[in-house]
Amino acid sequence: MLRNVLLLLIGGLIALSANAQTSSWPASNKPITFINPFPPGGAVDAFGRPLAKQLSTQLNDSIVVDNRGGAGGTLGAAVAAKMAPDGYTWLLGAVHHSIAPSMYTNLSYDITKDFEPIAIIGSVPHVIVVNPNKFPKNDLKSIMEEIRKHPGKYNYASTGNGTSQHLTGELFKMQNKLFITHIPYRGTGPALQDLVAGQVDMMFDTLAGAAPFIKNGQLIAVAVATSKRVDAFPNVPTAQELGISNFIVSSWYAMWAIKGTPKDIIEKMSAEVQIALASPEIKERWAAMGATVPKMTRPELVAYINQEITRWGEVVKKSGAKLD
């Protein structure tokens, strides 16, 4: 009997210890790390770092953004997948992580099995932009007619093979049966610079990247890939308005927990992220980038990411897109 009593006491102490450890999260002497699997200065940083700063204030704890760039975000994701699921390491990522399963044949992680999505922290629509001097008329229908008359004459820039800008262009080509040559670049900056200089003809970029060039007249926005017009650019029609159905594309940015992270920690971080995203500072910063935050429950987010994986997998397969 004494042995049984001791076992019950020990079990109770272990449970109390576990509860205390969980409820005390985050510990003031242990920083939280957000792994950003892309190089510094990119779009994920643009969303992830302000969010980390806001959450740091809310949680009264330090949050470190650790950039682990390489291989289209897959190297950093693989590192994050192997970290302890204790609530002190989280993954920042993007739409690229729904593209990667179809572009990389030997991933050492599974975005749907090794992680649990917390929230989309920002979503930026894509926009079709053209160099003002490349087409006889700079409206989408005239541009499409010109491309059909001269298949292979025109090209479009992207930020690299397998990126959302690349596959958005391929999706547009397939939906409209157009022949446009893809010219991959190493990043948004070089692609936009060459588009402005007239080295390439058009691009399917995010509104955040192209906005400054649209505003100063260096590029012309002919359509946004949204269901309704964007407030910041009310004169730019949607592709749907111009008769192109189902051309709705955005580059979204998200946060994941490592699979196995305690449920109460996930719940707390999820709640804190929503508070942060609703803060005036974040809302103002996101609006300047043309970004919105879709309202989704976590189950809806899981379904959405799975839909994106299927969608981009079909585009990759049909277009024959591949990495160099």
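Placed above this text is the structure.
Residues numbered from 1 in each chain as written. Predicted model: local features only at pLDDT ≥ 70, side-chain atom pairs only at ≥ 80, totals over all residues. Heavy atoms only, no water.

A.B. asks: Would you mind going over the nonpolar core in detail, with residue names and values included?
C.D. replies: Grouped burial of nonpolar side chains is what soluble globular proteins tend to show. Of all hydrophobic cores here, the largest spans 52 residues; its most connected members are Phe34, Trp90, Ile121, Val129, Met255, Met269 and Val273. In this structure Met255 touches Phe34, Trp90, Leu91, Leu92, Pro117, Ile118, Ala119, Ile121, Met269 and Val273, once residues within four positions along its chain are discounted. Residues Ile128, Leu167, Val222 and Phe247 belong to the second largest nonpolar core, which totals 46 residues. (Core = buried A, V, L, I, M, F, W, Y, C linked by side-chain atoms within 4.5 Å. Buried < 20%, exposed > 50% of the residue type's maximum accessible area, 1.4 Å probe, protein only. Contact = heavy atoms within 4.5 Å.)

A.B. asks: Account for helix H3 (residues 74-81), with residues named and values stated.
C.D. replies: Residues of H3 that are buried include every one of Thr74, Gly76, Ala77, Ala78 and Ala80, and no others. Buried positions along H3 lie against strand S1 (32-36), strand S3 (89-94), helix H4 (96-103), strand S4 (115-130) and strand S9 (250-258). (Helix = DSSP H or I, 4+ residues; strand = E, 2+ residues; numbered from the N terminus.)

A.B. asks: If you had to explain the environment of Lys318 to someone new, which residues and values would you point to?
C.D. replies: As for its position among the elements, Lys318 is in helix H11 (residues 298-319). Sequence separation between Lys318 and Leu171 is 147 residues, and the spatial gap between their C-alpha atoms is 9.3 Å.

A.B. asks: Can you tell me about the pattern of salt bridges, naming the residues and giving the values?
C.D. replies: If you walk through the whole model with that rule in mind, you get 9 salt bridges. Put simply, Glu267 and Arg298 hold a salt bridge, and the shortest N to O gap is 3.2 Å. Placement of Glu267 in helix H9 (residues 263-277) and of Arg298 in helix H11 is noted, with a sequence separation of 31 residues between them. Judged by its relative accessible area of 37%, Glu267 is partly exposed. Residue class for Arg298 comes out partly exposed when judged on its relative accessible area of 21%. (Salt bridge = Lys/Arg side-chain N within 4 Å of Asp/Glu carboxyl O.)

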